Amino acid sequence: MATIASPVEINSEVADFLKRPRKMFIGGAWVEAASGKTFDTYNPATGEVLAKVCEGDHVDIDRAVKAARKAFEEGPWPDMVPAERARLLWKLAELIDEHKEELAELETLDNGKPLLFSRIVDVPTAAANFRYMSGWATKIEGSTIPISMPRAKYFAYTLREPIGVAGQIIPWNFPLIMASLKLGPALAAGCTVVLKPAEQTPLTALRLGELIQEAGFPDGVVNIVPGFGETAGAALAAHPDVDKVAFTGSTEVGRLIVTAAAGNLKKVSLELGGKSPNIVFADADLDCAIPGSANAIFFNQGQICAAGSRLFVHKSIFDKVVAGVAEASKKFQIGPGIDPATTLGPLVSQEQLERVCGYLDSGIKDGAKAAIGGRKIAGSGYFVEPTVLVDVRPEMKVVREEIFGPVVTAIPFSDPNEIVKSANDTHYGLASAVWTRDVSTAHKVAAKIRAGTVWVNCYNIFDAALPFGGYRQSGWGRECGREGIELYTETKAVCAQL
Ligand code: NAI
Ligand code: MG
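**Some thoughts on the overall build of the protein**
When you go through the protein residue by residue, the secondary structure sums to 17 helices and 22 strands. For 498 residues, the compact-globule estimate of 2.2 N^0.38 gives 23 Å, and the protein sits close to it at 23 Å. Seen through its principal axes, the protein has C-alpha atoms that stretch 70 × 65 × 40 Å. Across the 498 residues that make up the protein, the buried fraction comes to 58%. Across the protein, the fraction of contacts at a sequence separation of at least 24, relative to all contacts at a separation of at least 6, is 73%. As displayed, the protein offers around 20,100 Å² of accessible surface, 54% of which is attributable to carbon and sulfur atoms.

Here it is in structure tokens:
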């Protein structure tokens, strides 16, 4: 048993996994980068190097795309019946369950998030996503279409076919969940995949690759190439033999993906940033709304695209709600994620730490006040205090831009009819929430908000069956549910003269 800068013993399988440089998964084999290069991944709780990982670039991406193309066109995968794909996906979910403790520890060490949440959220959700998509493999249907051509008789129908080779680029905030959200629907639909995990958190995706192999997926169906965005990611997005690119990450890189995809006009789906409004009406049940609003911004250290980062509160209860969220923030046990008592961990990287602290400085400089928090936590590791900013104005950077940290701006409102305008005053449109006891208010506001998700009297409720994605600059397309499957299929119309 090894320990990693923490009094907590880690699983011996995890310790073993971290010892050797992790290779990439191409065509069913574990290989080094063509360049021979490796990069380091860090433990965010200490800033120390956690493991070495082979660094893929355009050469490795090309090898992986060739393997995925071959597996799409030849070998067992294209001949496999849907029920067999379903069985493999289900088997993968079972393997995740079998290795849940190991995966949870690996996720926590690489990302920093509390082990508590890796155990009860990340790992089980990844398994649930594969199970849900396993059910879809046998239910991807076309339809028969009555057409109106005169004179002859026709029989017309549609088929939904796999789109081909999918390139998938994922971020670091929920590494294993992101991998499952991307791989699940692609594999259920019969695509083959090249997955590029985030350079900050490649480890659970690589361990997942071993489980994919163990589950019995044919060689080349899933290829996993760790590496940096500007090199491996960009090569994947631009590759002329990739049929579809799916991306989750920053809006800025989302735009680069669209440009890169233009070369061969590959299909694109994007899940990007957000600045989601969380609206508490005067009649809300504050026993739910206050902890719910704290969870909306502090869960996962605020590193979640759906974070409720603009808290709008009716002025009659503003002070009470702000004090309540501040009080809730004090209850977090802040520490290394690997300590099972921790409920708020470090941010993922030095870069994110600097980014979030930069926003805190800019907010204060612009005249905002921290009702609680507002600073980096001294010492090693990338820790930031959970923060509530008040006295903010709509034009401030902290109100307009995605901070991606445990920082919420609290804004009072007086006119319930005007609040939707403020809520929609953003380029984003990912998520939102309404807290009220009035059913009519809830659904009226839900109808007017320009966002892909509206939560009523709850927050951060995700499900494999529930479409998730953004309006406006929060993205293109919806993951999860039937729409998630449709991102990986093409419709073919077949028309026969009888
Ligand atoms: P990013 O968008 O740069 O990285 C996400 C993924 O894209 C990673 O796998 C990265 O390697 C890849 N990537 C980066 N540049 C690329 C390029 N030119 N071509 C292809 N792939 C590329 O996000 P980053 O820098 O890690 O975080 C910056 C900000 O992005 C965060 O502060 C947050 O606001 C936002 N973000 C949003 C996420 C979401 O869930 N919507 C997740 C992560 C970050
Ligand atoms: Mg970046």
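**Some details on a nonpolar patch on the surface**
A surface patch of nonpolar side chains, about 260 Å² in accessible area, is lined by Ile145, Ile147 and Met149. Checked against the element boundaries, Ile147 lands in the loop between strand E7 (144-145) and strand E8 (154-162). With relative accessibility at 37%, the residue Ile147 sits in the partly exposed group.

**A short note on the sheet that holds E7**
A sheet is described by the order of its strands in space; here three strands give the open sequence E7-E8-E22, paired in antiparallel fashion. Two strands bound the open sheet, and with one partner strand each, they are E7 and strand E22 (489-497). Pairing of E7 with E8, which is carried by two bridges, proceeds in the antiparallel orientation. Looking across to E8, one finds that Thr144 is bridged to Tyr157.

**A short note on the sheet that holds strand E15 (residues 310-314)**
Spatially, the seven strands line up as an open sheet ordered E16-E17-E18-E15-E14-E19-E20, and their pairing is mixed. Looking at which strands have only one partner, the edges of the open sheet turn out to be strand E16 (369-372) and strand E20 (455-456).

**Brief notes about the site of ligand 1**
Every one of the 27 residues lining ligand 1 counts as a neighbour, but Ile170, Trp172, Glu199, Ser250 and Glu402 are closest to it. Between ligand 1 and Gly249, the relevant distance is 3.3 Å, taken from a nitrogen atom to a main-chain nitrogen or oxygen of the residue. Here a nitrogen atom of ligand 1 and a backbone polar atom of Leu272 are 3.0 Å apart. For ligand 1, whose free accessible area comes to 810 Å², the fraction covered by protein is 93%. Going through the elements one at a time, helix H9 (229-238), strand E12 (244-248), helix H10 (251-261) and helix H13 (350-365) are the ones with two or more residues in the shell around ligand 1. Split into classes, the residues belonging to the shell around ligand 1 amount to 14 nonpolar, eight polar and five charged.

**Considerations on H10**
For H10, the full list of buried residues reads Thr251, Gly254, Ile257 and Ala261. Buried residues along H10 cover an arc of 100° about the axis, so they all sit on one side. Residues Glu252, Leu256 and Thr259 are exposed on H10 and point more than 90 degrees away from its buried face.

**Comments concerning the pairing of strand E5 (residues 38-43)**
Pairing of E5 with strand E6 (residues 48-54), which is carried by six bridges, proceeds in the antiparallel orientation. When the bridges of E6 are listed, Tyr42 appears paired with Val49. From the end of E5 to the start of E6, which pair antiparallel, there are four residues, and Gly47 there has a positive phi angle of about 80°.

**What to know about the environment of Ile449**
As for its position among the elements, Ile449 is in the loop between helix H16 (439-448) and E20. Of the residues examined, Ile449 reaches a relative accessible area of 5% and is grouped as buried. For the pair Ile449 and Pro277, spaced 172 residues apart in the sequence, the C-alpha separation amounts to 9.2 Å.

**Some thoughts on the state of the cysteines**
What the rule picks out here adds up to zero disulfides. Free of any disulfide, Cys305 has its nearest cysteine sulfur in Cys480, 11 Å distant. Taking relative accessible area as the criterion, Cys480 reaches 11% and is therefore assigned buried.

**Looking at the pattern of salt bridges**
Taken as a whole and judged by the stated rule, the model has 26 salt bridges. Across the pair Arg22 and Glu210 runs a salt bridge, and its minimum N-O distance is 3.1 Å. One end of the pair, Arg22, is in the loop between helix H1 (12-19) and strand E3 (24-26); the other, Glu210, is in helix H8 (residues 203-215), with 188 residues separating them in the sequence. The buried category is assigned to Arg22, whose relative accessible area is 9%. With a relative accessible area of 23%, Glu210 lands in the partly exposed category. Through salt bridges with shared partners, one network takes in Arg22, Glu102, Arg207 and Glu210.

**Some remarks on the packing of aromatic side chains**
When we look at a pair of aromatic rings, we describe it by the centre distance and by the angle of the planes. With the rule as written, the count across this model stands at 12 aromatic pairs. Pairing Trp77 with Phe217 gives two aromatic rings, centres 6.1 Å apart and planes at 45°, and the pair type is tilted. With a gap of 140 residues between them, Trp77 in helix H3 (residues 76-79) and Phe217 in the loop between H8 and strand E11 (222-224) connect regions that are remote in the sequence. Phe217 matches Trp77 in its accessibility class, with the two residues each being buried. In this structure an aromatic cluster arises from ring pairing among Trp455, Tyr459, Phe462 and Phe468. Note that Arg131 overlies the ring of Trp90, its terminal NZ or CZ placed 5.1 Å from the centroid. The ring of Tyr488 is capped by Lys244, whose NZ or CZ atom sits 4.9 Å from the centre of that ring.

The rules behind each value
Residues numbered from 1 in each chain as written. Chains lettered and ligands numbered in written order. Predicted model: local features only at pLDDT ≥ 70, side-chain atom pairs only at ≥ 80, totals over all residues. Heavy atoms only, no water. Helix = DSSP H or I, 4+ residues; strand = E, 2+ residues; numbered from the N terminus. Rg over C-alpha atoms; globule rule 2.2 N^0.38 Å. Buried < 20%, exposed > 50% of the residue type's maximum accessible area, 1.4 Å probe, protein only. Contact = heavy atoms within 4.5 Å. Areas by Shrake-Rupley, 256 points an atom, 1.4 Å probe, with all protein chains shown as cover. Patch = residues over 30% accessible without salt bridge, like charges linked within 9 Å, V, L, I, M, F, W, Y side chains within 5 Å. Salt bridge = Lys/Arg side-chain N within 4 Å of Asp/Glu carboxyl O. Pairing = 2+ DSSP bridges. Near = heavy atom within 4 Å. Polar contact = N/O pair within 3.5 Å; in protein donor to acceptor, adjacent residues only side chain to side chain. Nonpolar A, V, L, I, M, F, W, Y, C, P; charged D, E, K, R; others polar. Arc of directions from axis to C-beta. Disulfide = S-S within 2.5 Å. Phe/Tyr/Trp six-rings, centres within 6.5 Å; stacked < 30°, edge-to-face > 60°. Lys NZ or Arg CZ within 6 Å of the ring centre and 35° of its normal.

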